[in-house]
Every structure is written in structure tokens, then in C-alpha cells.
Amino acid sequence: MTLVSNAESAVSFSLPPLDIIFGKTPAMQAVRNKLEKVAETDVPVLIQGESGTGKELCVRLLHALSLRARGSLVKVSCPAIPHSLIETELFGYEKGAFTGAMATKLGRVEQAHMGTLFLDEVGSLDLGVQSKLLQVLQDGTFVRVGGHEPRSITTRLVSAANSDLRNQVEDGTFRLDFLFRINAVTINLPPLRQRIADLPILIDYFIEHYAKVFHHTPELLSKSAVRMMQSYHWPGNIRQLENLIRGYVLIGSEEALVAEMMPETPRDGITTELDLSEPVSLKNITRKATHDLERQIILKVLQANSWNRQKTAKWLQISYRSLLYKLSEIGMPEVPPRPLRIPTLVKKSEPRSVKTAASRSRVF
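Notes on the structure in this doc start here. From a predicted model like this one, the values you see are computed outputs, not experimental measurements.

Time to look at the nonpolar core. Counting 62 residues, the largest nonpolar core has Ile47, Phe206, Met229, Trp234, Leu241 and Ile245 as its most contacted members. When residues of this core are assigned to their parent elements, the largest contribution, 9 residues, is made by helix H10 (residues 199–214). Setting aside anything within four residues of it in sequence, one finds isoleucine 245 in contact with Ile203, Phe206, Ile207, Met229 and Leu257. Core analysis: the second largest hydrophobic core is formed by 27 residues, Val76, Cys78, Leu117 and Leu133 among them.

Another aspect to go through is the sheet that holds strand E2 (residues 73–77). Consider a sheet: its strands pair through backbone hydrogen bonds, and that pairing is either parallel or antiparallel. Strand order in the open sheet formed by 5 strands is E2-E3-E6-E1-E7, and the pairing between neighbours is parallel. In this open sheet, the two edge strands, each paired with only one partner strand, are E2 and strand E7 (185–188). With strand direction ignored, the average angle separating the axes of adjacent strands in the sheet is 20 degrees. Pairing of strand E3 (residues 116–120) with strand E6 (residues 156–161), which is carried by 5 bridges, proceeds in the parallel orientation. Note on E6: the bridge partner recorded for threonine 116 is arginine 156. Relative to E7, helix H3 (residues 26–38) is tilted by about 150 degrees, and along the sheet it contacts strand E1 (45–48), E6 and E7. Contacts from helix H4 (residues 55–64) reach E1, E2, E3 and E6 within the one sheet, and its direction differs from that of E1 by about 155 degrees.

Notably, methionine 114 is not glycine yet its phi reads approximately 70 degrees, a positive angle. Following the sequence through the fold, methionine 114 ends up in the loop between helix H6 (108–111) and E3. Backbone geometry at asparagine 237 places phi at a positive 60 degrees, although glycine is not the residue there. Position of asparagine 237 relative to the elements: it lies in helix H12 (residues 237–251). By relative accessible area, asparagine 237 is classed as buried at 0%.

With that settled, the discussion passes to the pattern of salt bridges. The full count for this structure, using the stated rule, is 16 salt bridges. Two residues, glutamate 110 and arginine 144, come together in a salt bridge whose shortest N-O distance is 2.9 Å. Taken together, the residues glutamate 110 in helix H6 and arginine 144 in the loop between strand E4 (141–142) and strand E5 (151–152) connect sequence positions 34 residues apart. Take glutamate 110: its relative accessible area is 18%, and that puts it in the buried class. Note that glutamate 294 and lysine 326 form a salt bridge whose closest N and O atoms lie 3.2 Å from each other. Within this pair, whereas glutamate 294 is found in helix H14 (residues 282–304), its partner lysine 326 is found in helix H16 (residues 320–329), the two being separated by 32 residues in sequence. On the accessibility criterion, glutamate 294 (28% relative accessible area) is partly exposed.

Turning to the pairing of E3, a few remarks are in order. When a strand is regular, its side chains alternate between the sheet's two faces. Counting buried residues in E3 gives 5 out of 5 residues, a clear majority hidden from the surface. The pairing of E2 with E3 spans 5 bridges and is parallel. From the neighbouring strand, leucine 73 faces E3, where its bridge partner is threonine 116.

Another point: the environment of lysine 326. The class of lysine 326 is partly exposed, set by a relative accessible area of 22%. Separated by 35 residues in sequence, lysine 326 and histidine 291 place their C-alpha atoms 9.7 Å apart. The residues contacting lysine 326, other than those within four sequence positions of it, are Glu294, Ile298 and Ile318. At a separation of 3.2 Å, a polar atom in the side chain of lysine 326 contacts the side chain of glutamate 294.

With that settled, the discussion passes to the side chain of glutamate 89. Following the sequence through the fold, glutamate 89 ends up in helix H5 (residues 83–91). Classification of glutamate 89 by relative accessible area gives buried; the value is 19%. In this structure the side chain of glutamate 89 is engaged in a polar contact, spanning 3.1 Å, whose partner is the side chain of lysine 105. Those residues in contact with glutamate 89 that sit more than four places away from it in its chain are Ile81, Lys105, Gly107 and Arg108.

The rules behind the values
- Residues numbered from 1 in each chain as written.
- Predicted model: local features only at pLDDT ≥ 70, side-chain atom pairs only at ≥ 80, totals over all residues.
- Heavy atoms only, no water.
- Core = buried A, V, L, I, M, F, W, Y, C linked by side-chain atoms within 4.5 Å.
- Buried < 20%, exposed > 50% of the residue type's maximum accessible area, 1.4 Å probe, protein only.
- Helix = DSSP H or I, 4+ residues; strand = E, 2+ residues; numbered from the N terminus.
- Contact = heavy atoms within 4.5 Å.
- Pairing = 2+ DSSP bridges.
- Axes fitted to C-alpha atoms, helices over the stretch in contact; angles between N-to-C directions.
- Salt bridge = Lys/Arg side-chain N within 4 Å of Asp/Glu carboxyl O.
- Polar contact = N/O pair within 3.5 Å; in protein donor to acceptor, adjacent residues only side chain to side chain.

What follows is the structure, encoded as C-alpha cells:
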């Protein structure tokens, strides 16, 4: 059974369409093929990728398309749990195991019985916990804290890491045998900057999604804004893109969206990186520094004037035409955005509902 034939399962778990998740770039198609092959197996899967690339989304998809979809998907955010509590959170405890243990508590491992256990940012687990989880992976048994009776479970383990765990093995902070157990299959998610061809469909999807959430049809993004987004390096990946589009749909300011992609002003003023391995051109370096300073000044004045171009031109004591030219040079849209990128998604007359947005605050 393929992912295509199981697309209905993804919909039932409130996941984006598969064509949105995987796009059309070769790297993501390779990810899709690997997911298709492992989805209905019980082999442990390790998903690696930078923050914001959609690792959790892939975990949810794996669970939705697996034979354990009727069971629970239990997430453990490893760095969010103090080291002193991680063992009891994972394995639970018996009544009276320690002061305050007034009743028996099931741990996350036991809650994932017949389902999927998701270890997010697994690289933050300490060596002792890794050793105990290794036992669970080897024979499916564990002991609650304060208990003596081994308990058996069957679960599918999926782990996620935002860096290559082999480097932690070399540093001595991650067990090699544990790494071998959790990565029967490794899926590496490419950063957004390596799948820019997917940017247009992602933009359209997020605009449509948040137009429905906020009951507000957004205006058309200008070509210059889209070009800038395509040339941006996206350090926060798809999550950053989603947050930008969400703000754009809610506030309707394309200038604010573009400003978010501009580099921050250095605290100590303009700084220019120099490559002194060969002779440098003082003229070129000075021109670039002047251009960077001019861009920062224009952005600050724009923000101070609530993105009003005419006021900004007066404040800078330049003509309106000169300001438009300089804005085009730095990638800012020259003209206000034209209306209606998406036809009649939601009527503007409908009441706005921020509570709905809170319940669906993030897709990726």
C-alpha cells in the first residue's frame, strides 16, 4: 500500500496534503519514497534535519500511515524534561516509590503500548536513560521506578534530532549501540533553502490555511516580495515561513513581512566581512558598506512611519521616486500589493475568530 492510497489516513489526522508536505524537489521525493517503504513496518526510524524542517510532521505521517494508527502517538520532548524527572516520565513509577508518589503512574513508554513512541530531540537524553531505553528496544521490557516486576510492551519508536548524532557518539555523549537501535532507517530532511522550488506551493498553502483560520482573504504578494523570499536563506526553515505568512494574513502588511527577512543592524554599526586572502578593492568595499547602511536607515524610517512611503520620503528629504528606486534596489516591493491572490477563500463579511486560530496555531 502506497502513501497515495493511504492519503485519506493523513487527512483524518489533520495533516496537510501529501503534495504539500513533500513538494516536487528530488530530495523531498526521496524522503517520500523512503517513508512509503517503512510506513507499514515496525522498524525504528530516526529523522534528522534542522529545526523547522518538518520532522514532527513526518512522525505524525508515519504514525497515521502505520499499522499502529489506532494506537496512541506519544511524544516525549526530551530537552523539556529535567534530567532528574526523565526516568519517571518515561517509565512511570509505583505507589510509594518516593516521597509524593501517592499513586501508580504510567510512563510515556507504557502509554505508547500498541502505538508509536516519539522521542523528540533524542540527542539530549543522558547516557543512563539511553541504556534503559536500549533494554526496551532489545526485548520490549522495562521496570517502573520503585517496582520489581518487568513489564512488556510493543511499540514503534521514532526519534528526531536536529543534528547528526554520529558527532555526539564521537564526543562520548551518545551511545553507539543506542544509535544503532534507533536508526534502522534514517530519514534526512533537507532545509528549505535546498528546496526553494517548493516555496510557491508552500506559500499558497499557508495563505489559504490561515485565510480560513482568520476568516480574512489576503492580498496578492508582489513579485518583488516573492523574489526576495526565493533568494532568502531561511534559517528557521518551513516553520519560519509559516510564521511569516501567518502574520502577513493576519496583519496584511507586506512591508513587515519583507522586513523580517532583512538582516539585523549590527550593534556596533556597519561591519563588512573581508577576505584578505587576496587584494581587496577599497572602492567596492566602501560602496557595499554605504549600500548596507542606506538600507538599514530606510528600513528604520519606514518602520517609524508605519510603512508609509510618502512620509518616509519626506523624512529622508528625498523624492518619492528616489525612495521607490532605492526600495527596489534592496528588494522591497516598489508598489502596493495587488488584491486577491486566492479567489474567494472566505468572505470578508464573516466574523473573525481568533480562538479558532489558537486551536490551530501551527501546521509544521
